[in-house]
Amino acid sequence: MVELRKRKAPAPLPVAEKKTKQAPKPKQEAAVPDNDTEKSPGPKLPEVDDTIDIETFGGEFETNEAEKTTLKKLLEESKTGVVFFTYPKASTPGCTKQACLFRDNYTHLTSTGLSIYGLSSDSPKANTTFKTRQNLPYPLLCDPKASLIAAIGLKKNPKGTMRGVFAVDKKGKVLLREAGGPDATVDAVQRIVANWSSVEDTKANGEDTKEKGEDTKEEGEDTKEKGEGTKEEGDKAE
């Protein structure tokens with residue numbers, strides 16, 4: 001007899017492992033800016049009628065002759081105050097027009113004691129060439145670091161100079177600060193000169209009126225004395 005051999009049962013197939021779904025990663029919320037870390041505002045720009053600290057205002061800069069100077073020194077040298085007209089670049093058409101307008105009106109603009117200065121970030125060499133070619137009667141200030149230009153609020157970002165004008169009296173009171181074209185900057189200074197001239201005229205008229213009043217008073221006293229003398233002579237005649 002043939003002996004039947006029992007076949008071994010096949011090994012069970014491996015059960016595939018179930019893949020577990022990973023939970024989605026939570027979305028990161030946008031960071032909320034902390035109010036305490038916000039950028040603090042820049043320094044306050046001077047406005048008309050403000051009084052600035054002339055000891056430190058604008059830092060140090062140069063004249064077109066490469067002489068170091070400061071606002072304090074320029075104010076000490078002036079009679080009533082200083083005017084800075086700013087321009088983007090020496091010897092360009094708009095800047096030439098502006099500089100020549102201040103040149104042509106120089107006598108009138110300085111009639112109340114204001115000192116006129118051109119101000120830009122140009123080098124002393126460039127400004128000296130500009131001054132010589134246009135026969136400018138006033139100095140040109142060189143501020144390559146834009147310390148003074150920024151202090152008066154006429155600096156462009158990130159670099160450059162806005163056309164404008166700034167004026168301050170000897171005590172540091174701001175008389176004028178505005179941007180504008182060549183004609184507008186000259187007109188703005190002319191308004192200051194006109195106002196000051198009007199005040200001086202009013203003051204002078206007041207002094208004249210006071211003197212005339214004193215003269216009239218003296219004449220009245222003289223008339224009174226003459227009247228008393230005439231009376232005395234009449235009494236003696238009786």
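Residues numbered from 1 in each chain as written. Predicted model: local features only at pLDDT ≥ 70, side-chain atom pairs only at ≥ 80, totals over all residues. Heavy atoms only, no water.

**Structural notes on the layout of surface pockets**
Just so we agree on the cut-off: Residues are called lining when one of their atoms sits within 4 Å of a cavity or pocket point, these points coming from a 1 Å grid over the protein atoms alone, where a cavity is a set in which a 1.4 Å probe fits but cannot get out and a pocket is an open set with protein on both sides within 12 Å along at least five of seven lines. Grid points are joined across faces, edges and corners, and a volume is the space filled by probe spheres set on the points. Under the convention adopted here, Pro, Cys and the residues Ala, Val, Leu, Ile, Met, Phe, Trp and Tyr are nonpolar, Asp, Glu, Lys and Arg are charged, and Gly plus all remaining residues are polar.
As a volume, the largest pocket reaches approximately 220 Å³. In terms of lining, the largest pocket is formed by 13 residues, of which the most central are Pro-43, Lys-44, Leu-45, Ala-150 and Ala-151. Grouping the constituent residues of the lining of the largest pocket by class yields eight nonpolar, two polar and three charged.

**Digging into the pattern of salt bridges**
We apply this condition: Each salt bridge in this description consists of a side-chain nitrogen of Lys or Arg and a carboxyl oxygen of Asp or Glu lying within 4 Å of one another. Helix numbers and strand numbers start at the N terminus; a helix is a DSSP run of H or I with at least 4 residues, a strand a run of E with at least 2. For each residue, the accessible area found with a 1.4 Å probe, counting protein chains only, is set against the maximum for its type, and the residue is called buried under 20%, exposed over 50%, and partly exposed in between.
Within this structure, the stated rule accounts for seven salt bridges. Measuring nitrogen to oxygen at the nearest pair gives 3.3 Å for the salt bridge that ties Arg-177 to Glu-47. One end of the pair, Arg-177, is in strand S7 (residues 174–179); the other, Glu-47, is in the segment before strand S1 (60–63), with 130 residues separating them in the sequence. Arg-103 is the salt-bridge partner of Asp-104, the closest N and O atoms lying 2.9 Å from each other. The exposure class assigned to Asp-104 is exposed, which follows from its relative accessible area of 54%.

**What to know about the packing of aromatic side chains**
Threshold: Geometry of aromatic contacts follows a simple scheme: Phe, Tyr and Trp rings, the Trp one being its six-membered ring, pair when their centres are within 6.5 Å, and the pair is stacked under 30 degrees between planes, edge-to-face over 60, tilted otherwise.
Evaluated as defined, the whole model comprises seven aromatic pairs. On the basis of an interplanar angle of 35° and a centroid distance of 5.9 Å, the ring pair of Phe-85 and Tyr-87 is categorised as tilted. The pair formed by Phe-85 and Tyr-87 is uniform in burial state, with each residue classed as buried. Taken together, a centroid distance of 5.7 Å and an interplanar angle of 65° make the contact between Tyr-87 and Phe-130 edge-to-face. Of this pair, Tyr-87 sits in the loop between strand S3 (81–86) and helix H2 (93–104) while Phe-130 sits in helix H4 (residues 124–134), and the two are 43 residues apart along the sequence. Here Tyr-87 falls in the buried class, since its relative accessible area comes to 0%. Ring pairs connect the aromatic residues Phe-85, Tyr-87, Phe-102, Tyr-106, Phe-130 and Tyr-138, which therefore count as one cluster.

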